[in-house]
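Results of the structural survey
Each chain is listed here by its residues.
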Amino acid sequence: MNKTSPPGAPRPRLGADFYQRPDPVALARELLGKRLATCFDGRLTVGRIVETEAYRAPDDKACHAHLNRFTQRTRVMFEPGGRAYIYLCYGIHHLFNIVTGPEGMAHVVLVRAIEPLLGLETMLERRNMRALTPQLTAGPGVMSQAMGLHKTSNGASMLAPDAPIWVEDADPAREPVACGPRIGIDYAEECVQWPWRFWLEGNPWVSRPKKR
DNA sequence: CACGGGATCGTCT
DNA sequence: GACGATCCCGTGT
């Protein structure tokens, strides 16, 4: 009997009960292996989530909503879980986060890398690449680009049955889960070492910059 | 392959 | 006016 389904098989979308649970660290871990999907202009792209980071308000200094700082930018983080939080980083990269937790708790999970499953041609085209290599989607900026995730989708709900951004349930990952410090948050003082980055050990689609 | 720097702009001070 | 939850390319070895 088959224990896994083909990549193209339809899957149930995760709903509010998943996203609105209170612990963003547990959610970051559980999102590993699930399928991030978008459909923009009729172009379906799906990838298996292989790397995430948790950001938690109010105590986490690396979180944009540290001390529950409420600004125009962080506003969406306070919404109930199940929306996209997408912001421009370094003036170039659109970083895709999933708002989690109940309303008022500004927790998010950054999706850092996916393993491409469907819509590979679309992903390659968006990235201006020819060959299928981890550079396609390993890293939060390039992953967003490949999936067509842009700051114009900031605040979009992922809960409606016809929402163009969603996460599908999936079979449990076979790879072991590893964790370690988050990337690029050296300013966050005592939070720097918190092991809130999660990845699937050995999966080649996990980001691997030089300095880590 | 290691290293260094530039790109580029929204956000908050 | 400073600074990012990054990435890519050029240089040198």
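Basis of the calculations
- Residues numbered from 1 in each chain as written.
- Chains lettered and ligands numbered in written order.
- Predicted model: local features only at pLDDT ≥ 70, side-chain atom pairs only at ≥ 80, totals over all residues.
- Heavy atoms only, no water.
- Buried < 20%, exposed > 50% of the residue type's maximum accessible area, 1.4 Å probe, protein only.
- Helix = DSSP H or I, 4+ residues; strand = E, 2+ residues; numbered from the N terminus.
- Pairing = 2+ DSSP bridges.
- Phe/Tyr/Trp six-rings, centres within 6.5 Å; stacked < 30°, edge-to-face > 60°.
- Lys NZ or Arg CZ within 6 Å of the ring centre and 35° of its normal.
- Contact = heavy atoms within 4.5 Å.
- Salt bridge = Lys/Arg side-chain N within 4 Å of Asp/Glu carboxyl O.

Let us now look at the pairing of strand S3 (residues 84-89). Consecutive side chains of a regular strand alternate in pointing toward one face of the sheet and then the other. In terms of residue burial, S3 counts as a mostly covered element, since 5 of its 6 residues are buried. A loop of 3 residues connects S3 with strand S4 (residues 93-100), the two strands running antiparallel in sequence, and Tyr90 in this loop sits at a positive phi of about 55 degrees.

Right, let's get into the packing of aromatic side chains. Inspection of the entire model under this criterion finds 4 aromatic pairs. Seen in terms of ring centroids, Tyr85 and Tyr87 are 5.6 Å apart; in terms of plane orientation they differ by 25 degrees. Their pairing is stacked. Each member of the pair Tyr85 and Tyr87 is classed as buried. Between the aromatic rings of Trp194 and Trp196, the centroid separation amounts to 4.8 Å while the plane-to-plane angle is 55 degrees, which identifies the pairing as tilted. Directly above the aromatic system of Trp166 lies the positively charged group of Arg13, at a separation of 3.9 Å from the ring centroid. Its end group placed over the ring of Trp199, Arg197 keeps NZ or CZ at 4.2 Å from the ring centre.

Take helix H3 (residues 120-127) next. Turning to H3, its buried residues are Thr122, Met123, Leu124, Arg126 and Arg127. On the buried face of H3, the contacting elements are strand S1 (35-40), strand S2 (43-55), strand S5 (107-118) and helix H4 (140-147). After H3 finishes, the residue Asn128 shows a positive phi value of roughly 55 degrees.

A complete count under the given rule lists 15 salt bridges for this structure. A salt bridge links Arg112 to Glu51, with the shortest nitrogen-to-oxygen separation between them at 2.8 Å. Residue Arg112 is found in strand S5, and its partner Glu51 is found in strand S2; the two are separated by 61 residues along the sequence. Take Arg112: its relative accessible area is 6%, and that puts it in the buried class. In this structure, the salt-bridge partner of Glu189 is Lys61, at a minimum N-O distance of 2.5 Å. On the criterion of sequence distance, the pair formed by Glu189 in the loop between strand S7 (177-180) and strand S8 (197-200) and Lys61 in the loop between S2 and S3 is long-range, its members being 128 residues apart. Members of the salt-bridge network, linked through shared partners, are Glu51, Glu53, Arg112 and Arg197.

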